[in-house]
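The chain contents come next:
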Amino acid sequence: MRRFILILLFLLLLSGCMQSKNIDEYAYVLNVGVERGTTMPYLVTVLISVPGGTEDTKVENTVVSAEARSFSEAYETLNAAYPSRLSFARASLLAIGEDLAKDGAQTAFLDFAFGKPDLWQNLRVVAVKPPVRDVFEGWISDADPSLRKIKTAVGDLSDESGMTADTGFGAYTEAIGDKRFDAMLAYAGANEYRLNPDIVGGETYPYTGGSLLVESTLKTSTAGSAVFDGDRMVGVLDGRHTMETLMVTDAFRKGEMHFTLPDGSTMRAALYRMRAPRIRLKNGEATVELRLEADVLEPKTLPMERNALKAYLETQLETELAAVLKALQRVNCDAMGFGRFRAKQFRSAADWEACDWKAEYRTLRVSFSVTLMLSHGMKGA
Amino acid sequence: MKHAIRTLFQFDQPYRRFELLETEPRGTPSFFARRQTRRAKIKAAHGRMDQRLTANLAWIRERFHTDVNTDVILRPFKLGGTVDALAVSMNGMADDSKIAEFILRPAFRVAVDGVARAKLPSYFREHALSMHETELTDRREAVEQAITEGRTAILLDGVKEAILCDTRGFVSRPVGEPQNEMTIMGPKEAFTENIRTNVTLLRRIVKRSDFVCEFRDSGGTNRTRLALCYLDGTVNPALLDEVRRRLDTISTDMRLTVGRVEQLIEDYTYLPLPQMLKTERPDRAASAVMDGRIALLVEGCPQAGVLPITIGTLMASGEDLDMRQPVGTVVLLIRMIGALLSTYLPAYFLALALHHPGQLSGEILETVVASRAMVFLPLWMEMIFLLLVFQLVREAGLRVPGSIGQAIGIIGGLLLGQAAVSANIVSTVVLIIVALTGLGNFAIPDYSAQVAAAYYRLLLCIAASLAGLLGIMVTGLCATAVMCSAKSFGVPFFAPYSPVTTHSEHLRFRTRIRNRAGTSDPLNPEGRRA
Amino acid sequence: MNLRIGAFGRQESAAVVLIAAFFSGCFGIDSGVLYARGNASWIVQIIAVVQALLLFEGTVWVLRVRGGNDLSALIGTSRIKRFLAIPLILALILAAMQPLESFLFTITQYVFTDSKQVTAMLYLAPCLFLLTALGAETLVRTARILLPILLLSVAEALLSGIGEYHLYRIHPIPFGEPLQIFTQAGSAQIRAAAPLIALLCIGEGTQDRMAMRSAGRIGMIAGGLLAATALFALSMTFTYTQLKDMPSPFYRMLVEVRAENPTLRLDRAVLFLWLSGAILSAAFYLYAASVLYAKTFGVRDVRPAALCMSGIAVTLILVLYYDSEITETIREHLYRDAWVLIAVPFPLILLRFKRRKPCAASS
């Protein structure tokens, strides 16, 4: 018995150990970006952080790009070019170039990641306006050399302002593989990306709540969202419309909105989620009941009689929600996730799979009902 | 062919291992077979004393090699002026003044006229000998052993029986303070090399009539005196018989100590964990005895062996029960965490750094990498090197006298560590981890268990550098299983947690002292807590 | 006899059954088969547990009527009837293989991506061999020691994922196809009934039949329901379309729910902690199979059989990993149809055949 175990141990030693590398022999990829290449199908850009890089800063950041036909090819090329071995263990952000996403060409590229949870476990997916390199470089600043915070920053921005979507790789793959809802990704770009038209149209809303004046040459900002039909990007929603869509998907927590009042003046209010939206779907008709708390921040006194203001704001939100849904229906994107409720009506997977939900969605009639609890300067700005 | 297959599948060795919990209801096995055969051998070798003094003298000269061994004092005298007699004692072991004052002086004065030769020894004992502890025997073995112990044998001509008088008076160390098991609240007494003193120390704490100190001598040529101390009627009789049986199997020419006796009678030779608790504190041994355990004292060894033990015994310190329950619970918890840290932390760090860097957060990763910037040793080598250095400093500190030992600790810890970091041999993070490990190691109260933890630590480190967390898991699981299968004198190591015993002690970390009436449950003694 | 059964109490036996039931229930699944037609995994698990418990209670009842402490007492050592033990032994080996296979895949696919299965197996196999050869007493005691840690890690993993759970993902629940649910529950018998069959094999070591019965009940209900809860949590984390193509869904769930943790991530530590549970349950099945073999075939030492069974399991796992269409088909069939190994011999074991009167001497 003992001899047997000894022989096994000996075999174990003969077999060699699991491959390992010292922790300082790696360079850690923080962000991965993919866009259309010029000579090859993909241009892969990675933001690499080398811990312990220089004497005075602990971390050194570099942006490296390679053109390739597939991810593995790009990985090999980058590895060959870079002195340390690249590790994706700490990758936190995947940026998909808008040019690629419009054709859905990123799916073939991303196939590599589906089988590698150590890669996608941390990834947050954003859509960017190319070039990706500019976006990544815009993120590197001297103020905070620790770029790993970008990921949480995107999440925090979404949580705190509602102006951008916060989508992990898991949710993104779920949206692509399943027809219950369509993906909505945070939208980022360097400088002039704001020129992209919002698909809802009508009034021109800024992507961000205010109007950001960009002065430096490279400065990346994230706001608004890119919406998808399956794996194809079909348009962009600005910050306000993103906020309204998130209200229906129950991803909205709080945010600020400007309203134009009947007398032409503007009002700033902070909105808070009060409870999960109630969505009912029956015979091609849906009702959405939202309950929000609105705290008027500006002007200092209520501009109208409380009930009249409440009714006005509710109506305005309902109208805007209907307009956003209409725009989304037009581009065949179920970003609000009505499919989740349609799936509940089936008692077998085969029936659900046979159902052409997207066709139903295009003609879906939805009535929104918003209830606001109005307060004035209670929670502060 | 059929036969070959049958033999392949049918080799069987009976699995007969002493199991206290399991075998107890089925009755006790017979134990004394070997002891009797050994006695028979001794009888053949020694036999009985002779009636003639000259024959006995010749036997003593031969046994003790008196031609070269000048330690043996042969003092011929005439009992009552008429009967030829001989007092035999060992120089240095026996007290000269006691022999002169209480044996020789009354021997010269006693009148033995008219006393029959056969009744002379008992007459002398009853009428003249002013010694407290005396014994009559005609067994040569007993006489021989008595002389080696420092007693005096009085041999009379024409009488078979010898009188053994307790004249032991050799120098010994006074009762001192414990050196290794420090406590803040407990008593400050420690065992000495004198087995008699040790028994007395125990008796002073266990003031019960059923407290038995069973003196026995070990097997082999150098028959060291052992004492089994237990509460008769409380201790599990099956356990007692088993311990006696195992002690009887000892046949060695080595000098015996508690540690050696443990290895001679234990079950699992290759288990790093001790199977007997060695303590230098009489209060600890006494509490164990009162809990239904057995304390084993060995002549010349300033420690007592307590058996059987469980993992809880090894993790307990003498003053645990002196502390209040909530505080005691926290202290015990910290000790457990310390033990776990000391065993697993270096291996876990190695596994993460070598195989799973993604598991470390960015901040830790950066700190670790920055600290390793100029270190030339691979990480696993660095860790194992530092662990060995730590053991080295510790061993060096142990073996040199007190104040220098502390100095070595400081030199090793501060100077060497600092120098190694600035010479880029080791990185600060690894140094911190090894220091934490060392601190955790000292939280384990028992020295043998500390050494066992160091053994497992090294094993886990090697496994972790080979296969990361997989290696740690495999090694840890095997070690846990082996410990679960191990028993200390029939008591499973993890009792009362696994197997769970009837008392609900395992549900609480440290029970209220009010609930600890009675004896320890896993040993199945009388009057146990249930 | 050196069967290494030893003696153990109710808590230890319940602990080993609980661990085995949980790990087989959660990790003995084949996602491709289980989620092919919608997600009813947790309902299937509950039904399978009820079925297994009925089988167990029936066997204990028959044991009480006929007298005897373990399964081998029912099978007996008659020359023909003892062959009824073979399908059960195979079922136990299969049950041991399933969670190990799943973990081996996870390790080589996601943790040590550059290593081969054989290398990883070389680390797992000695541990499995040692545990199997150490015997029942050691196994149940180790299970009792590990149980609190494992339960804590499972509870932590399930609770920390609450933010990621969404009820819409469990739809459509295939209530419209009850037959399919029951078929799946039948197929799940290998992983559901194995802990109880193994307990029946080592029944001699439990204090008595009643202790064995209550240990089996407690362990199975707790472990089975915990597995059902975990499967339900899994269904709320991923839709069935995702799960269908997900080879080791629980690791992905672990990773998914931990993505936000900014400090030390523990998903790998938890994975390997769970692996120790899987090895323990595999060793429990393999040891039980060896004891059943040793008792019914009159072998007096269990260790060679234990080593053989472990060897067979290890080899089969490695062989089935060989990537080809045949092994793929075999694997799928093993997950789907191996319940026959339990369903066929059990009625024959439980039924008492009247002994034919000895014929008069023909001469």
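How each quantity is defined
Residues numbered from 1 in each chain as written. Chains lettered and ligands numbered in written order. Predicted model: local features only at pLDDT ≥ 70, side-chain atom pairs only at ≥ 80, totals over all residues. Pairing = 2+ DSSP bridges. Helix = DSSP H or I, 4+ residues; strand = E, 2+ residues; numbered from the N terminus. Axes fitted to C-alpha atoms, helices over the stretch in contact; angles between N-to-C directions. Contact = placed C-beta atoms within 7 Å. Buried ≥ 20, exposed ≤ 12 C-beta atoms within 10 Å, placed from the backbone. Nonpolar A, V, L, I, M, F, W, Y, C, P; charged D, E, K, R; others polar. pLDDT = per-residue confidence, 0-100. Parallel < 35°, antiparallel > 145°, perpendicular 65-115°, else oblique. Left-handed = near helix turned anticlockwise from the far one by under 90°.

Asker: Give a description of the sheet that holds strand β6 (residues 211-217) of chain B that names residues and reports values.
Answerer: All names here are of chain B. As summarised here, the arrangement of the five strands in space is β6-β7-β9-β10-β8, forming an open sheet in which the pairing is antiparallel. Of all the strands in the sheet, just β6 and β8 (277-279) have a single pairing partner and so form its edges. Taken pair by pair, the neighbouring strands of this sheet meet at an average axis angle of 25 degrees, ignoring direction. Contacts between helix α11 (residues 282-290) and the sheet are confined to β7 (225-231), β8, β9 (294-298) and β10 (304-307), with β7 contributing the most and set at about 55 degrees to the helix.

Asker: Any details on the environment of C:Arg331? Residues and values, ideally.
Answerer: All names here are of chain C. Note on placement: Arg 331 falls in helix α15 (residues 325-337). The class of Arg 331 is partly exposed, set by 18 C-beta atoms lying within 10 Å. Remark: the alpha-carbon pair of Arg 331 and Tyr 321, spanning 10 residues in sequence, is separated by 9.2 Å.

Asker: Please provide a residue-by-residue account of the interface of chain B and chain C, values included.
Answerer: Across the boundary between the two partners, chain B contributes 31 residues, which contact 37 residues of chain C. Where the side of chain B that touches chain C is concerned, the elements lending two or more residues are α1 (2-9) and α18 (447-485) of chain B. In terms of residues, the side of chain B that touches chain C owes the most to one element, α18(B), which gives 12 residues. Residue classes in the side of chain B that touches chain C are distributed as 20 nonpolar, nine polar and two charged.

Asker: Please set out the confidence of the model for chain C residue by residue, giving values where relevant.
Answerer: All names here are of chain C. When pLDDT is averaged along chain C, the result is 88; 94% of the residues meet or exceed 70. Looking across chain C, the model is least confident in helix α12 (residues 249-257), with a mean pLDDT of 81, and most confident in helix α13 (residues 267-296), with 95. Both scores are available for the predicted complex, with the pTM at 0.86 and the ipTM at 0.94.

Asker: So what about unusual backbone geometry? Which residues, and what values?
Answerer: The amide bond that connects A:Glu298 to the next residue, A:Pro299, takes the cis arrangement and shows omega of -5 degrees. Within the fold, A:Pro299 resides in the loop between β13 (285-298) and α10 (306-330). Residue B:Leu307 is joined to B:Pro308 through a cis peptide bond whose omega torsion reads -10 degrees. Note on placement: B:Pro308 falls in the loop between β10 and α12 (311-315). One non-glycine residue, A:Asn332, adopts positive backbone phi at about 65 degrees. As for its position among the elements, A:Asn332 is in the loop between α10 and α11 (339-343). Take A:Asn332: there are 17 C-beta atoms within 10 Å of it, and that puts it in the partly exposed class. Of note, the phi angle at B:Phe489 is positive, near 50 degrees, even though the residue is not glycine.

Asker: Go over the confidence of the model for chain A with me, naming the residues and quoting the values.
Answerer: A low pLDDT means the predicted coordinates there should not be read in detail. Predicted confidence across chain A gives a mean pLDDT of 80, with 78% of residues reaching 70 or more. Across residues 204-218 of chain A, confidence stays below pLDDT 50; counting only partners more than four residues off in sequence or on other chains, it has 25 contacts.

Asker: Tell me about the packing of helix α15 (residues 379-399) of chain B against α18(B), and please be specific about residues and values.
Answerer: Residue and element names in this part refer to chain B. Where α15 meets α18, the closest approach of the two axes is 10 Å, and the angle between their N-to-C directions is 170 degrees. With respect to each other, α15 and α18 are oriented roughly antiparallel. Contacts between α15 and α18 involve Trp 380, Met 383, Ile 384, Leu 387 and Gln 391 from the former and Ala 454, Arg 457, Leu 458, Cys 461 and Ser 465 from the latter.

Asker: Any details on the sheet that holds strand β2 (residues 83-90) of chain B? Residues and values, ideally.
Answerer: Residue and element names in this part refer to chain B. Across the sheet, which stays open at both edges, the five strands sit in the order β1-β2-β4-β5-β3 with antiparallel pairing between neighbours. Sheet topology places β1 (72-79) and β3 (134-137) at the edges, where each strand pairs with a single neighbour. Within this sheet the neighbouring strands show an average axis-to-axis angle of 20 degrees, counted without direction. Helix α6 (residues 120-127) rests against β1, β2, β3, β4 (152-156) and β5 (162-165) of the sheet, and its axis sits at about 175 degrees to β3.

Asker: Tell me about the environment of B:Val306, and name the residues and values.
Answerer: All names here are of chain B. Assignment of secondary structure puts Val 306 in strand β10. For the pair Val 306 and Arg 284, spaced 22 residues apart in the sequence, the C-alpha separation amounts to 9.0 Å. The contacts of Val 306, once residues within four sequence positions are left out, are Met 276, Leu 277, Thr 279, Ala 285, Ala 288, Arg 293 and Ala 295.

Asker: Before we move on, could you go through the packing of helix α1 (residues 10-27) of chain C against helix α7 (residues 136-160) of chain C and cite the residues and values that matter?
Answerer: Residues and elements named next belong to chain C. Contact geometry of α1 with α7 gives a least axis separation of 8 Å together with a crossing angle of 65 degrees. Read as a crossing pair, α1 and α7 show a hand that is left-handed. From α1, Gln 11, Glu 12, Ser 13, Ala 15, Val 16, Leu 18 and Ile 19 reach across to α7, where they touch Leu 139, Val 140, Arg 141, Ala 143, Arg 144, Leu 147 and Leu 150. Split by residue class, the contact of α1 with α7 holds nine nonpolar, two polar and three charged.

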